[in-house]
Amino acid sequence: MAMDILRFATAGSVDDGKSTLIGRLLYDSKAIFEDQLEAVERTSADRGEEYTNLALLTDGLRAEREQGITIDVAYRYFATPRRKFIIADTPGHIQYTRNMVTGASTADLAIILVDARKGILEQSRRHAFLATLLRVPHLVVAVNKMDLVGYEESVFQAIQDEFTAFAAKLDIGDLTFIPISALHGDNVVERSVNMPWYEGPSLLHHLEHVHIASDRNLIDVRFPVQYVIRPHKATDPELHDYRGYAGQVAGGVLKPGDEVVHLPSGLTTTITHIDGPNGPVQEAFPPMSVTLRLADDIDISRGDMIARPHNQPRVTQDLEAMVCWMTDVRKLTPRMKLLIKHTTRTARAMVKDVHYRLDINTLHRDEQADGLALNEIGRVSLRVTQPLFVDDYARNRLTGGFILIDEATNGTVGAGMIISSG
Amino acid sequence: MQRSDYLLSQLDVLEAESIHIIREVAAEFERPVLLFSGGKDSIVMLHLAKKAFWPAPIPFPVMHVDTGHNFPEVIEFRDRRVAELGVRLIVASVQESIDKGRVVEETGKWASRNRLQTTTLLDAIEEHRFDAAFGGARRDEEKARAKERVVSFRDDFGQWDPKNQRPELWNLYNTRIRQGEHVRVFPLSNWTELDVWDYIRREQLEIPSIYFAHTRRVFERDGMLLADSPYANRQEDEPVFEAMVRYRTVGDASCTGAIKSTATTLDEVIAEIAATRITERGQTRADDRTSEAAMEDRKKEGYF
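Residues numbered from 1 in each chain as written. Chains lettered and ligands numbered in written order. Predicted model: local features only at pLDDT ≥ 70, side-chain atom pairs only at ≥ 80, totals over all residues.

*Asks:* Help me understand the interface of chain A and chain B, please; the structure alone is not making it clear to me.
*Replies:* One frequently used descriptor of interface size is the decrease in accessible area upon assembly of the parts. Counting residues at the interface gives 54 residues for chain A, matched by 49 residues for chain B. Its residues assigned to classes, the side of chain A that touches chain B shows 30 nonpolar, twelve polar and twelve charged. (Contact = placed C-beta atoms within 7 Å. Nonpolar A, V, L, I, M, F, W, Y, C, P; charged D, E, K, R; others polar.)

*Asks:* Mind showing me how you'd approach the pairing of strand β9 (residues 241-247) of chain B here?
*Replies:* Sheet faces and side chains relate simply in a regular strand, where the side chains alternate between the two faces. All names here are of chain B. Bridging between strand β7 (residues 214-221) and β9 involves five bridges; their strand directions are antiparallel. Residue His 214 lies in a different strand from β9, and its bridge partner there is Val 245. Bridge count for β9 against strand β10 (residues 258-260) is three bridges, and the pairing is antiparallel. The residue bridging Tyr 247 from the neighbouring strand is Ala 258, located in β10. (Pairing = 2+ DSSP bridges. Helix = DSSP H or I, 4+ residues; strand = E, 2+ residues; numbered from the N terminus.)

*Asks:* Just checking my understanding: could you explain the domain arrangement of chain B for this structure?
*Replies:* Residues and elements named next belong to chain B. Domain boundaries assigned for chain B yield domain 1 (10-192 + 293-301) and domain 2 (197-288). Each partner contributes residues to the interface: domain 1 has 24 residues there, and domain 2 has 24 residues. Looking at the side of domain 1 that touches domain 2, the elements that each hand over two or more residues are α2 (40-53), α3 (72-85) and α9 (294-301). A total of four residues in the side of domain 1 that touches domain 2 trace back to one element, the largest contributor, which is α2. Tallied by class, the residues present in the side of domain 1 that touches domain 2 amount to nine nonpolar, nine polar and six charged. (Domains from an automatic or database assignment.)

*Asks:* Any chance you could explain the pairing of strand β8 (residues 224-227) of chain B here in plain terms?
*Replies:* Residue and element names in this part refer to chain B. Pairing analysis gives four bridges linking β7 to β8, with the strands arranged antiparallel. Bridged to Phe 219 within β8 is Leu 226. Hairpin remark: β7 followed by β8, antiparallel, with two residues in the connecting loop; positive phi at Asp 222, about 55 degrees.

*Asks:* Sorry, what's going on with the packing of α2 of chain B against helix α6 (residues 193-203) of chain B here?
*Replies:* When two helices pack together, you describe them by how their axes are tilted relative to each other and by the distance separating the axes. Residues and elements named next belong to chain B. One way to put it is that α2 packs onto α6 with a least axis distance of 10 Å and a crossing angle of 55 degrees. Accordingly, the angle class assigned to the pair α2 and α6 is oblique. Between α2 and α6 the crossing geometry is left-handed. From α2, Lys 40, Asp 41, Val 44 and His 47 reach across to α6, where they touch Val 196, Tyr 199, Ile 200 and Glu 203. Grouping the constituent residues of the contact of α2 with α6 by class yields four nonpolar, one polar and three charged. (Axes fitted to C-alpha atoms, helices over the stretch in contact; angles between N-to-C directions. Parallel < 35°, antiparallel > 145°, perpendicular 65-115°, else oblique. Left-handed = near helix turned anticlockwise from the far one by under 90°.)

*Asks:* How do you make sense of the environment of His 206 of chain A when you look at a structure like this?
*Replies:* Residues and elements named next belong to chain A. Relative to the elements of secondary structure, His 206 occurs in helix α7 (residues 203-209). Classification of His 206 by C-beta neighbours within 10 Å gives partly exposed; the count is 18. Residues His 206 and Arg 135 lie 71 residues apart in sequence; the distance between their C-alpha atoms is 19 Å. Setting aside residues no more than four positions away along its own chain, His 206 makes contact with Val 140, Thr 176, Ile 178 and Pro 201. (Buried ≥ 20, exposed ≤ 12 C-beta atoms within 10 Å, placed from the backbone.)

*Asks:* How do you make sense of unusual backbone geometry when you look at a structure like this?
*Replies:* Where the residue is not glycine, phi is negative for most of them; where a peptide bond is considered, it is trans in most cases. Residue and element names in this part refer to chain A. At the junction of Leu 263 and Pro 264, the peptide bond is cis and its omega measures out at 15 degrees in the coordinates. As for its position among the elements, Pro 264 is in the loop between β10 (259-263) and β11 (268-276). With an omega of 0 degrees, the peptide bond running from Pro 286 to Pro 287 counts as cis. The topology assignment puts Pro 287 in the loop between β12 (279-280) and β13 (289-294). The backbone phi angle of Arg 335 is positive, close to 80 degrees, even though this residue is not glycine. Position of Arg 335 relative to the elements: it lies in the loop between β15 (314-325) and β16 (337-342). With 8 C-beta atoms packed within 10 Å, Arg 335 lands in the exposed category. One non-glycine residue, Asn 375, lies in the positive phi region at around 70 degrees. Mapped onto the elements, Asn 375 comes out in the loop between β18 (365-366) and β19 (377-390). For Asn 375, a count of 19 C-beta atoms within 10 Å gives the class partly exposed.

See the structure below:
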């Protein structure tokens, strides 16, 4: 069988061994090369560190090395014969929320690291909450530093119990606990001989086998039109009438012969051909990039949506969403005007109301909040200048997510997840 | 779900993502350009651009930043490939930048035109008023690149500010810029070196002959094998010898090293890369060996 891709995000702070874990996964899967390791060994030695600091492998920028911090999301790659892995490595401190939200937005799985000696901390809850908010389908709680608690089952069990009790308040799809020692490699790639009481898979085995194919929405057909392809080649009469609608399938399975509806017109037509990257295909599903040809000449342009007549997205100019604010230039406040980019459509939006700010540590809702500052998350109402074709984020991450852009700075200042009104 | 599959291979997923990025940029920018060096990554990128708009032609030109220190095989390949696709080729010449006094040729043993390319590139972007430049860089290449966005903003000096990057979520890319600013776009961000080679094999893409083992007159410098060419500033104590070599990356002939190899077919090349324990830049690019932050510094100035 061909390899597929698993994208996962790692959450944790410097001290709980996240970088060591990533370093170990990369090293044991031979994704770290000798020259990279030598550079890290050199730097470790220069700093007078007694062991090779695998964390240095993931510190990309000069300021990070100098200050010993991680500034931004870094992407790492490794592969086993079964899967290719893309790690979104997010830092534990500065602008943590913004970076984790970014990294989690595309993740199939999130690893939350917990230090076995310290147990569940406030930040573990925060990580779990953010992974849930971003609808990461699979969560792994890696209880690290088991070597420092004598590989005791009771320690692991207590953490698992506490986390499970807390997780009941969240809507977590799939939750797995694995006791590990990233430093010594216990249960990272191979099952550990030090924890015979643990009967589950190693972390890597879990990453290789976790079932992600059904995480995609294969039910609701959603095809945001991205680009209209019209060859206009006078020399080739075959192509003269070619008109294709290119885009990336955001949901459902499309087939030639299917009846579809175009939004915003509401007109229905039939798919005649689907052109994939290697020629015609008999079906298209997420995340394929394809070009649809339709039976009828409808005026279709970028930003429009193709769906099924009996399964359509909401067409609305009023959005209710959880918004994560990502800039310190200014706060998100009522009456603020922004650009919104949702699927392939960009429009203007005005903040109608900030209902509450969520304390992501306690999940307490502060309804007195007058806005959202950097790294704050809250429930917001927006009014958009033109209709968007939306689904609840919980149902489809691609038709339920949007970004907010500040027209004054052109910066990406917010990320939103649409929820049902009411 | 009637079927249990609906699975895509990793190459299919990467291909779909790259095509999405290329289309998004073509839709939202007025004057994109694709940087084409004739190297393997830009060959893959150009191939993806062809697929993204098929059966229509690629709706933007390609540009080669030409250091003048080329491998003739690569230039021959470049011209042929561009002609096949019917795209317009712009050549931005480092020699012209030197002649105009925009940059000064480096001197000495380590002289290279690699760094000078940045000025030539930025001048060409300004001259042609390009607002988006596709590059074939990958995040697995180098650690500064691991932190770069897919659509990466450049200010009106062409500079990259790594601490002030726009967050990228889902498949949504912020393409807003002001007059005079531009973005670099990296459709291959999530590809690894091996993915690129696997894709070249799957798509049966032609690549320049220097990627395969051949006999060449070389000399050794700092553990690298450099071609004995007029550009290399070979010193007295660097004897020339003949060796069976191939190139792992294609760059400026003065700073791109060859590796000893007997791999004459794509399968052999892939087997060799899968087994290698050294990164392509560490093994064959003198430009990245200067310091730990060499790439970061050049990127901030506006390098590819």
